[in-house]
Amino acid sequence: MIVGAGFGGLWAAKELAKAPGVEVVLVDKNNYHTFVPLLYQVAAAELEPDQIAYPVRSIFRRRKNVRFLLGEVEAIDFEAREAVVGGDRLPYDYLILAAGSVTNHFGIESVAERAYGMKDLIEAIELRSRLLYLCEAAAKERDPGRRRALLTFIVVGGGPTGVEFAATLAELVWCVLVKDFPEVDFGEAGVILVEAADRLLPAMPPAFGDYALRALRRKGVDVRLGTLVKGAAEDGVVLGDGELVPAGALIWTAGVRAAPLADAIGAPQGRGGRVVVTPYLNLERHPEVFVVGDMAYVVDEKGNPVPQVAPAAVQQGRTAARNIVRSVEGKPLVPFVYDDPGAMVTVGRNAGVARIRGRTLRGFGAWAAWLLVHLIKLIGFRNRLFVLTNCAWNYI
């Protein structure tokens, strides 16, 4: 049984589907796989939701040993080797937990109530609707102060998602919406990016953060480094120094934590609620249970936690599947070794930074490489064609 049809779960199912005599049950609360790296483009109205989603059943149409079950795992009985899904107890011989992660609001209740996240397709659609609604409201608003607040968008988190969305949002506001809403003065609009650290992209080389900062400011984004968010009010966002910034939307990309299932299984947890696993990606007390992707806390050869990114989830899913096959065959398990392919971040059109197998790219080259890699990794020829056509049309 595999819980979660994200990158880790999906690639684990693909690997296990090739093994003889194996029956796979893939459980997920959605019957589609979401290409999460492009969620921010749905939120910014650059892509349609169905262009980054693909039906799970279609992916495994030709794999007769893979069965999909729509539902959510509520509990796991390790002793009986059963998972509770929708009130039913389903048996398993081996279990792979790949339920992913959720937005981490760091215990700030007002932010959890009012902020928009980008962890799934529904959240991205809700954010897009909110942004367009605010522009419609601004078109009718006569009070200048209230109108400026409606057109102020605050993005919290200077990591890759925050940087990419802030840049795309700035282009949406000052390149697209300004044409669609001639009655609105978008000179009153503002895109503010708030980051608690003293630089952007803190997990990447400092030069990347400096490049992103310059590119964002050229696009009109107000970048505030070393700034905390204390809370969210009905009429704006409260910063760490007590300043209330009037805003129409608060977009939270400041962090993630493991899915609630990680708390429910009672296993040891590391930073961000991630489940601590052995080097083989299984639980020490229950070796038949594997944890992969954003749920798993595993360190690399340098002792650093493996990042919660799609390439790591794919590699972990494959390793867990192969270890299950090796376990069935009575062979020793192989430890997980993360092969870091690098990192890519776009900063709007024609701008980006990339580190690919030790090589560094900036500007148009990094942006083009990012587009190529994401098109290749996107599931489904139809989706690749639509996204390519959409990007080309928007670019022209």
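Residues numbered from 1 in each chain as written. Predicted model: local features only at pLDDT ≥ 70, side-chain atom pairs only at ≥ 80, totals over all residues. Heavy atoms only, no water.

Caption draft 1: Molecular detail of the overall build of the chain. Broken down by element type, the chain carries 12 helices and 24 strands. Taking 21 Å as the expected radius of gyration for a compact globule of 396 residues, we find that the chain reaches 22 Å, a close match to that expectation. For the chain, the spread of C-alpha atoms along the three principal axes comes to 70 × 40 × 40 Å. Put simply, the chain has 396 residues, and 51% of those count as buried. Of all intrachain contacts in the chain linking residues separated by at least 6 positions in sequence, the fraction that spans at least 24 positions is 62%. Summed over its atoms, the accessible surface of the chain is roughly 18600 Å², and 53% of this surface lies on carbon and sulfur atoms. (Helix = DSSP H or I, 4+ residues; strand = E, 2+ residues; numbered from the N terminus. Rg over C-alpha atoms; globule rule 2.2 N^0.38 Å. Buried < 20%, exposed > 50% of the residue type's maximum accessible area, 1.4 Å probe, protein only. Contact = heavy atoms within 4.5 Å. Areas by Shrake-Rupley, 256 points an atom, 1.4 Å probe, with all protein chains shown as cover.)

Caption draft 2: Local environment of the nonpolar core. Counting 123 residues, the largest nonpolar core has L97, F165 and L216 as the members making the most contacts within it. Those residues within four positions of F165 in sequence are excluded, and the remaining contacts are Y40, A43, A44, M118, L127, L131, V155 and I251. Of all hydrophobic cores here, the second largest spans 15 residues; its members include V156, V237, L239 and A247. (Core = buried A, V, L, I, M, F, W, Y, C linked by side-chain atoms within 4.5 Å.)

Caption draft 3: A look at the packing of helix 5 (residues 121-140) against helix 7 (residues 160-180). At a minimum axis separation of 13 Å, helix 5 and helix 7 run at an interaxial angle of 35°. Pair helix 5 / helix 7 crosses with right-handed handedness. On helix 7, the residues that touch L127, L131, L132 and C135 of helix 5 are F165, L169 and L177. Of the residues contributing to the contact of helix 5 with helix 7, the split by class is seven nonpolar, no polar and no charged. (Axes fitted to C-alpha atoms, helices over the stretch in contact; angles between N-to-C directions. Left-handed = near helix turned anticlockwise from the far one by under 90°. Nonpolar A, V, L, I, M, F, W, Y, C, P; charged D, E, K, R; others polar.)

Caption draft 4: Seen up close, the pairing of strand 24 (residues 359-362). As paired strands, strand 23 (residues 352-356) and strand 24 are joined by four bridges and run antiparallel to one another. Each bridged residue has a counterpart across the sheet, and for V353 the counterpart in strand 24 is R362. In this antiparallel pair of consecutive strands, strand 23 and strand 24, the connection spans two residues, and R357 shows a positive phi of 50°. (Pairing = 2+ DSSP bridges.)

Caption draft 5: Expanded view of the sheet that holds strand 13 (residues 222-225). On the basis of which strands lie adjacent, the open sheet formed by four strands has the order 13-12-11-17 and parallel pairing. Strand pairing shows two members of the sheet lacking a second neighbour, strand 13 and strand 17 (249-252), which therefore form its edges. Neighbour-to-neighbour, the strand axes of the sheet open up by a mean angle of 20°, direction not taken into account. Across four bridges, the pairing between strand 12 (residues 190-195) and strand 13 is parallel. Looking across to strand 13, one finds that L193 is bridged to V223. On top of the sheet, helix 5 reaches strand 11 (152-156) and strand 17; it is set at about 155° to strand 17, its chief contact.

Caption draft 6: Expanded view of a nonpolar patch on the surface. Taken together, the side chains of F364, Y395 and I396 present a nonpolar region at the surface, about 380 Å² in accessible area. Structurally, I396 can be placed in the segment after helix 12 (381-395). (Patch = residues over 30% accessible without salt bridge, like charges linked within 9 Å, V, L, I, M, F, W, Y side chains within 5 Å. Salt bridge = Lys/Arg side-chain N within 4 Å of Asp/Glu carboxyl O.)

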